[in-house]
Amino acid sequence: MSSADSTVLETLAAHRLVPVVVVDGADEGARLADALVAGGLPVAEITLRLAGGLDAIRAVAKNRPDVVVGAGTVTTTRQVDDVAAAGARYIVSPGLSAAVVRRAQAHGIPVLPGVATPSEIMAALDLGVDVVKLFPASVVGGPAAIKAFSAPFPGLRFVPTGGVSTANLADYLTLPPVLAVGGSWMVDRKLVTAGDWDEITRRTREAVALAAQIDGRAASTSSTTEENNR
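Overview of the structure. Please read all numbers here as calculations on a predicted model, not as lab measurements.

### What about the overall build of the protein?
The helix and strand tally for the protein stands at 10 helices and 9 strands. Projecting the C-alpha coordinates of the protein onto the three principal axes gives extents of approximately 55 × 40 × 35 Å. Among the 230 residues that make up the protein, the fraction classed as buried is 46%. Contacts spanning at least 24 positions in sequence make up 61% of the contacts within the protein whose residues lie at least 6 apart. Counting only carbon and sulfur atoms, one obtains 52% of the accessible surface of the protein, whose full area is about 10,100 Å². Once the 20 positive and 23 negative side-chain charges of the protein are each reduced to a mean point, those two points are 1 Å apart.

### What to know about the sheet that holds strand β2 (residues 43–47)
Taken together, the 6 strands give an open sheet; going across it, the order is β5-β4-β3-β2-β1-β9, and neighbouring strands pair in parallel fashion. What marks the edges here is a single partner per strand, and that holds for β5 (111–112) and β9 (181–183). Pairing between β2 and strand β3 (residues 68–72): 5 bridges, direction parallel. Along β3, the bridge assignment pairs Ala44 with Val69.

### Some remarks on the nonpolar core
Among the nonpolar cores identified, the biggest contains 72 residues, and Leu32, Ile46 and Ile57 are the most heavily contacted of them. No other element matches helix α10 (residues 197–229), which puts 5 residues into this core.

### A closer look at the pattern of salt bridges
Overall, the coordinates contain 11 salt bridges when judged by the stated rule. Here Glu28 ties to Arg189 by a salt bridge, and the two come within 2.8 Å at their closest N and O atoms. You can see Glu28 sitting in helix α2 (residues 26–38) and its partner Arg189 sitting in helix α9 (residues 189–194), a full 161 residues away along the chain. A salt bridge links Arg64 to Asp34; the nearest nitrogen and oxygen atoms lie 2.7 Å apart.

### Observations regarding the side chain of Glu45
Mapped onto the elements, Glu45 comes out in strand β2. When residues no more than four places from it in sequence are discounted, the contact partners of Glu45 are Val18, Pro19, Val20, Val21, Gly70, Ala71, Gly72, Thr73, Tyr90, Val92 and Lys133.

### Some details on the sheet that holds strand β6 (residues 114–115)
Spatially, β6-β7-β8 is the arrangement adopted by the 3 strands of the open sheet, whose pairing is parallel. For this open sheet the edge positions go to β6 and β8 (157–158), each flanked by a neighbour on one side alone. Taken together, the 2 bridges between β6 and strand β7 (residues 131–134) define a ladder with parallel strand orientation. Looking at β7, one finds that Gly114 is bridged to Lys133. Packing against the sheet, helix α7 (residues 142–150) makes contact with β7 and β8, and its axis sits at approximately 145° to β7.

### A short note on helix α5 (residues 98–107)
Every buried residue of α5 is listed here: Val100, Val101 and Ala104. Here the buried residues of α5 occupy an arc of 100° about the axis, which is enough to place them on one side. Structural note: α5 exposes Arg102 and Ala106 on the side pointing more than 90 degrees away from its buried face. If you follow the buried residues of α5, they end up packed against α4 (77–86), β4 (90–92) and β5.

### Considering the pairing of β3
Buried residues dominate β3, accounting for 5 of its 5 residues. The alternating pattern of β3 places Val68, Gly70 and Gly72 and Val69 and Ala71 on opposite faces, both of which are buried. For the segment spanning β2, helix α3 (residues 53–63) and β3, crossover handedness is right-handed. Examined bridge by bridge, β3 and β4 share 2 bridges and lie parallel to one another. Within the sheet, the bridge partner assigned to Gly70 lies in β4 and is Tyr90. The β-α-β motif built from β3, the intervening α4 and the parallel element β4 has right-handed crossover chirality.

What counts as what
Residues numbered from 1 in each chain as written. Predicted model: local features only at pLDDT ≥ 70, side-chain atom pairs only at ≥ 80, totals over all residues. Heavy atoms only, no water. Helix = DSSP H or I, 4+ residues; strand = E, 2+ residues; numbered from the N terminus. Buried < 20%, exposed > 50% of the residue type's maximum accessible area, 1.4 Å probe, protein only. Contact = heavy atoms within 4.5 Å. Areas by Shrake-Rupley, 256 points an atom, 1.4 Å probe, with all protein chains shown as cover. Lys, Arg positive; Asp, Glu negative; His and termini not counted. Charge placed at Lys NZ, Arg CZ, Asp CG, Glu CD. Pairing = 2+ DSSP bridges. Core = buried A, V, L, I, M, F, W, Y, C linked by side-chain atoms within 4.5 Å. Salt bridge = Lys/Arg side-chain N within 4 Å of Asp/Glu carboxyl O. Axes fitted to C-alpha atoms, helices over the stretch in contact; angles between N-to-C directions. Arc of directions from axis to C-beta. Right-handed = clockwise from strand over helix to strand, strands pointing away.

This is the structure:
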């Protein structure tokens, strides 16, 4: 793993939440980034689901260098080249494409390919990837799947995405193999189109507080267990 990979992944691990953002154009991207930062979360995965996604990535990378902006829904090598040129600091793909992974690695950008099966995990490991996106998490088994996968693949870390919400956040974040979770509840597309940036900030702040509370409880439980085992 390169130092660039390590730095970005450490940032994602520190914040524990990766907002999966659907925005269209530079203005929406910039405003969304401002709302996230106001809520205490300088991280965004801007997807390429809309035509203006690339412009949004470019705007955030240029105007908000304090935000760790990534590109999501990257499925082709051409898109890898485009998002790299736009300033994306990490790449997320819905599935595992060896070509996409290799092109991202050639650019020196961390890549989180989507996996759902042991075979896909093994293919990712063969490509030198040790952090993957479990997708769609709720469909392929959620926390139970991560527990099952962690036995044969003990060094692997996951960013589960798809069906993650405040209701099940603790089920994921309390699992040691989970680096962070990807979710869109705090950046709902309807809020973006309505320009309700204050609500996005409120939801983001709430999510950040919940994640910190969950991690705090987990650390306390672990400390108590260690004391009892002495």
